[in-house]
Amino acid sequence: MANERYVIGLDYGSDSCRAVIVNAETGEELASAVKYYPRWMEGKYCDPLKNRYRQHPLDYIEGLETTIKESLAKCPAGTAEKVVGIAFDTTGSTPVLTDKEGTPLALLPEFAENPNAMFVLWKDHTAIKEAAEINELAKRWGIDYTAYEGGIYSSEWVWAKMVHVLREDESIRQAAYAWIEHCDWLPALITGKSKPEEVYRSRCAAGHKAMWLEKWDGLPSEEFLTTLEPLLAGFRSHLFEKTYTSDTQVGNLTEEWAERLGLTTNVAVAVGAFDCHMGAVGAEITPRTFVRVIGTSTCDIMVSSYEEMGDKLVPGICGQVDGSVIPGMVGLEAGQSGFGDIYAWFKNVLAWPLENILSKSNLIDAETKAKLIEETAGKIIPALSEEAAKVPVSESTILAVDWMNGRRTPDASQLVKGTITGLNLASSAPLIFRALVEATAFGSKAIVDRFLENGIKIESVIGIGGISLKSPFVMQTLADVLNMPIKVAKAEQACAFGASMFAAVAAGVYTKVEEAQQAMGQGFAKEYYPNHESHQAYLALYEKYRKLGNFTENELFV
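Keep in mind it's a predicted model, so treat the numbers as computed, not measured.

### Considerations on the environment of Val-509
Then, in step 1: Here Val-509 shows up in the loop between helix H18 (494-506) and helix H19 (513-520).
Then, in step 2: Along the backbone, Val-509 and Ile-364 are 145 residues apart, and their C-alpha atoms lie at a distance of 59 Å.
Then, in step 3: Residues contacting Val-509, with those up to four places away along its chain left out, are Arg-5, Ala-24, Glu-25, Val-84 and Ala-504.

### Considerations on unusual backbone geometry
Then, in step 1: Here the amide bond leading from Gly-92 into Ser-93 is cis, since omega sits at 5 degrees, within 30 degrees of zero.
Then, in step 2: Looking at where Ser-93 falls in the secondary structure, it is placed in the loop between strand E5 (83-90) and strand E6 (95-98).
Then, in step 3: Following Thr-409, the chain continues to Pro-410 via a peptide bond in cis, the omega torsion being -5 degrees.
Then, in step 4: Within the fold, Pro-410 resides in the loop between strand E16 (399-401) and strand E17 (419-421).
Then, in step 5: The backbone phi angle of Asn-51 is positive, close to 60 degrees, even though this residue is not glycine.
Then, in step 6: Topologically, Asn-51 is positioned in the loop between helix H1 (38-41) and strand E4 (54-55).

### Some thoughts on the pairing of strand E8 (residues 178-181)
Then, in step 1: Of the two faces of E8, the one lined by Ala-178 and Ile-180 and the one lined by Trp-179 and Glu-181 are each fully buried.
Then, in step 2: By the bridge criterion, four bridges tie E6 to E8 in an arrangement that is antiparallel. Counterpart to Val-96 in the pairing with E8 is Ile-180.

### Regarding the packing of aromatic side chains
Then, in step 1: Taken as a whole, this structure holds 24 aromatic pairs when the rule is applied.
Then, in step 2: Consider the rings of Tyr-37 and Tyr-60, whose centres lie 5.6 Å apart with planes at 75 degrees: the pair is edge-to-face. Taken together, the residues span a long stretch of sequence, with Tyr-37 in the loop between strand E3 (29-36) and H1 and Tyr-60 in helix H2 (residues 57-73) at a distance of 23 residues. Grouping residues by exposure puts Tyr-37 and Tyr-60 together as buried.
Then, in step 3: Ring geometry for Phe-290 against Phe-451: centres 6.1 Å apart, planes inclined by 70 degrees, an arrangement best described as edge-to-face. Of the two residues, Phe-290 sits in strand E12 (residues 289-294) while Phe-451 sits in helix H15 (residues 429-453), which places them 161 residues apart along the sequence. Taken individually, Phe-290 and Phe-451 each receive the classification buried, so the pair is uniform in this respect.
Then, in step 4: Through pairs of rings, three or more aromatic residues link up here, namely Tyr-12, Tyr-37, Tyr-60, Phe-88, Phe-119 and Trp-185.

Calculation criteria
Each chain has its residues counted from 1, following the order in which its sequence is written. Only residues with pLDDT of at least 70 are given local features in this predicted model, and only at 80 or more are side-chain atom pairs given and counted; all residues enter the totals for whole chains, interfaces and linings. To obtain the side-chain values, all non-hydrogen atoms of the structure were used and water was disregarded. Strands are runs of DSSP state E lasting at least two residues, helices are runs of H or I lasting at least four, and both sets are numbered from the N terminus onward. Working rule for contacts: check all heavy atoms of both residues, and any pair within 4.5 Å makes them a contact. Partly exposed residues are those whose accessible area sits between 20% and 50% of the maximum for their type, while under 20% is buried and over 50% is exposed, using a 1.4 Å probe and protein chains only. Strand pairing is defined by DSSP finding a minimum of two bridges between the two strands. Classification of ring pairs uses Phe, Tyr and Trp, with its six-membered ring standing for Trp, and accepts pairs whose centres are within 6.5 Å; under 30 degrees between planes counts as stacked, over 60 as edge-to-face, and the remaining range as tilted.

Right, dumping it as structure tokens:
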């Protein structure tokens, strides 16, 4: 017992930071803690009407300190001295502009309240125009820098976002020296290696979102970038040519951060990565396994051997990058821009009278009113799910397309819109909700079909994230539409567990991440098996879904 070693995995999601402290030898979770970003929860720096979503770096710093201290406080005495590694996963692409010291501009007093100085969250779609310009330029350039990113650059990705911010804000232009992804900034911060030229850049982030590829000497050329936007002059030389897989150690905790976190300077810090990629590792991904991280959006991850991947380039996905998931394999990424967010949108529509009518009622006291609103809103989705599950597929006559937040895969476009059709005077809330759930499943099938059509074999499906653990109706619908069994990872914090596995490798407990997976994996909580009769019925609905999507994209929103 005295020789036990522990690692910490930190998962930065859209709304909160989660930390888990894990026994590096057994995978046993000692403690965990969650911290919601206070400024984000207040709605600061965001404008949904403009698709602008920004997060303040102080939310990230406070989350780091709070979750680690709270987790350590739940552990036996002496645990802190036995922590040997830390690793981070974050949303992405979530970049920020920095000064010459690598400080995010929002941490400078003059930019403390400027949204353009903050991290641009993955789902910020303010850079649609810039993404279109990148795609147009890449297709007529001698090298198609988007080729390994599915051939279509997205407004959710770093170059489009940074160009947009630089164009929009002159004060930011004057101060900006470089940019950094959220998953790179946190390891740099706590190891003291934060100057742009010395940061250990994530292979995962750079390959999937920044058009980095070793064979063309890293990032797109200076000529390409300045042709895209002259304001990018010099940025490439302030950034990086080399990238690192997440089994690499960046360094150790500085004395300052060891003290702030209640740890020692012996703690090794791993190179960061995106949440879904580390989550796939936490879910024990292997070749030919399709891992779905199912939350507000989805991120779908696969790994393939070099031999099986060969020279394949899968069009319309979010990239194929050597070592972005498991070092020594090609990582493939896809996903949906909206999944749980679509259900939340519908819940908010139904809850409008609660927030805007009941809240003003004089019939009950304020405390009872607040509790009633909270209780009712919290029961909307479970009640809808229960009723929708009772409807036979044959009576599912409402049809929806799941593009309320744009489309990530296949063939990224943030210009497309969601659609609901087939309504009549008998269309109830549960029937509409069922159509939305089916739409998210149909969007999932479109992704699976794109992989299969391009020779990527899928033999099993794994679901991770809150929806996979808590929504049997959604998961059964997904299994029926895909006609594939779906195993649900037992670890509630699979992304943080994946980060802890990389922390164990970076700290030298294991020599490679596959060993950490075998020793620390949590297994699976449940498996959903498809109903083949339902699947046959869904095949006909899926064809209608495709036709409706084509019609709305090409005829209504052009």
